[in-house]
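Here are the chains, one letter per residue:
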Amino acid sequence: MQRMDKSIFSQKIGIIGGGQLGKMILNETNKWSLNISILDSNKNSPCKNLCNGFYVGDLLDYETVLNFGRQCDLITYEIEHINTQALFDLEKEGITVYPKPETLKIIQDKNSQKEFYKRNELPTADFSFYSNVNDLKNGIKEGEIEFPCVWKKTKFGYDGFGVKILKSVEDLNDIPESEMIIEKLIPFEKEIAVIIARNSKGKIKNFDVVEMEFNEISNQVEFVISPSNISEEIKNDAIRIAIETAEKFNLIGLLAVEMFLTEDNQIFINEVAPRPHNSGHFTIDACNTSQFEQHIRAILGIELGDISQKGNAIMLNLVGEENSFGKVIYSKLDNALNDDSSYVHIYGKEETRPNRKMGHITIICDNFEDAYTKAKNFKNTIKVKSINNG
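Residues numbered from 1 in each chain as written. Predicted model: local features only at pLDDT ≥ 70, side-chain atom pairs only at ≥ 80, totals over all residues. Heavy atoms only, no water.

(A) Layout of the nonpolar core. One finds Val194, Phe249, Leu255, Met259, Ile269 and Val272 to be the most contacted residues of the largest nonpolar core, which totals 24 residues. Of all the secondary structure elements, the ones that give two or more residues to this core are helix 6 (110-119), strand 10 (188-198), helix 8 (232-248), strand 14 (253-262) and strand 15 (267-273). Tallying contributions element by element places helix 8 first for this core, with six residues. Setting aside anything within four residues of it in sequence, one finds leucine 255 in contact with Ile107, Val194, Ile195, Ile196, Thr245, Ala246, Phe249, Val272, Ala273 and Pro274. (Core = buried A, V, L, I, M, F, W, Y, C linked by side-chain atoms within 4.5 Å. Buried < 20%, exposed > 50% of the residue type's maximum accessible area, 1.4 Å probe, protein only. Helix = DSSP H or I, 4+ residues; strand = E, 2+ residues; numbered from the N terminus. Contact = heavy atoms within 4.5 Å.)

Have a look at this one:
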């Protein structure tokens, strides 16, 4: 490790959001005894007892974010649903915010995000913006929409929520009244992702291209496979697009770039996230530097870490079972805890609900098929339930 400037140890670093991503960032910052404060809306956040200061408040409230930030030298975040005006004003007061507020503001709104890709000639699916459901119905009448297509809320979507494939006019009955974009449906062969780290000196490193498998019902990621089963040429194209995207955003921190790969090897950007991302959790156990340490290195402006990976890694998400609400229990988790190629991460959330991310398991094997078979078995046997439904 490069010798670090002692000033990083005297900085007060604030993280907005205290969920599992915050917890995994703290796992890294606590190794270096950095001074970290957390702002989260949940008084029982997984980060509550792991940081120097813990504050509870509404992340979308201007005064709450402003007052929290004024206690810090450097602000970062692990969630996108934040009052950006407060972040802009903190910057004006001399407080560093990474990734920059203008990056977050674009990404918060899917229409702005798609316009950004279009403006910067980054490959993405064709789309149209509609301010409400009635405008969409009029667009359909005028022949602007071709079914099937993809509906996305412009704001506050996450983990498959706020996204729906529309197959006919009847499907409009199930979408909420909101601003939206309608995307052309891309018939893709695989969904892939690249996580880019870029520090304040403009130095860039990328993790390997991963392949993601989604649950068809919840539209959540079930498995993340690294390295992906694609050619070196396609990998290089995906990395090039991801790096270009990070540079166009003038990113400082991490950027996860999710992409579609078509049967004829075209790549289209789906969405990006300016923070550590579910597609990079495997890096904790499989890489010399995790995505969480890399994020901290990037925002502190120190040398980015070695991202070499050992073996084949497959990560599977542990999510709440259907019809399970309340205090959580984990059934058959010993199957993974007793396996010497598996690494179990439980997020410390007290209550479960359907499809809520409660933990993950990373399996590292020399043989991909062995790891994949084991991951499928864990997915079928380990259950996240509530005590009442146990």
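Following the structure, the description resumes.
(B) Fine view of the environment of glutamate 213. Topologically, glutamate 213 is positioned in strand 12 (residues 210-214). For glutamate 213, a relative accessible area of 24% corresponds to the partly exposed category. Considered as a pair, glutamate 213 and lysine 379 are 166 residues apart in the sequence and their alpha carbons are 13 Å apart. Ignoring sequence-local partners within four residues, the contact set of glutamate 213 consists of Gln220, Val221, Glu222, Phe223, Ile225, Tyr372 and Lys376.

(C) Structural context of the sheet that holds strand 17 (residues 326-331). Strand order in the open sheet formed by three strands is 19-17-21, and the pairing between neighbours is antiparallel. Each of the sheet's edge strands pairs with one partner strand only, and the pair in question is strand 19 (351-352) and strand 21 (383-386). Relative to strand 19, strand 17 is paired through two bridges, and the arrangement is antiparallel. Its bridge partner lying in strand 19, glycine 326 is registered against threonine 352. (Pairing = 2+ DSSP bridges.)

(D) Highlighting the pattern of salt bridges. By the definition in use, this model includes 14 salt bridges. In this structure, lysine 110 and glutamate 271 form a salt bridge, with 3.9 Å as the shortest nitrogen-oxygen distance. Pair noted here: lysine 110 is in helix 6 and glutamate 271 is in strand 15, with a separation of 161 residues, a long-range link. The same class applies to lysine 110 as to glutamate 271, namely buried. The partner of glutamate 271 in a salt bridge is lysine 152, and the shortest N-O contact between them spans 3.2 Å. With a gap of 119 residues between them, glutamate 271 in strand 15 and lysine 152 in strand 7 (residues 149-153) connect regions that are remote in the sequence. When salt bridges with common partners are traced through the structure, they connect Lys110, Lys114, Lys152, Glu183 and Glu271 into a single cluster. (Salt bridge = Lys/Arg side-chain N within 4 Å of Asp/Glu carboxyl O.)

(E) Region of interest: the sheet that holds strand 4 (residues 74-77). The five strands are arranged 3-2-1-4-5 in an open sheet whose pairing can be described as parallel. The open sheet is flanked by strand 3 (53-56) and strand 5 (96-97), the only strands paired with a single partner. Alignment of strand 1 (residues 12-16) against strand 4, held across four bridges, turns out to be parallel. Across the sheet, isoleucine 13 pairs through a bridge with leucine 74, a residue of strand 4.

Read these as geometric descriptors, not functional statements.
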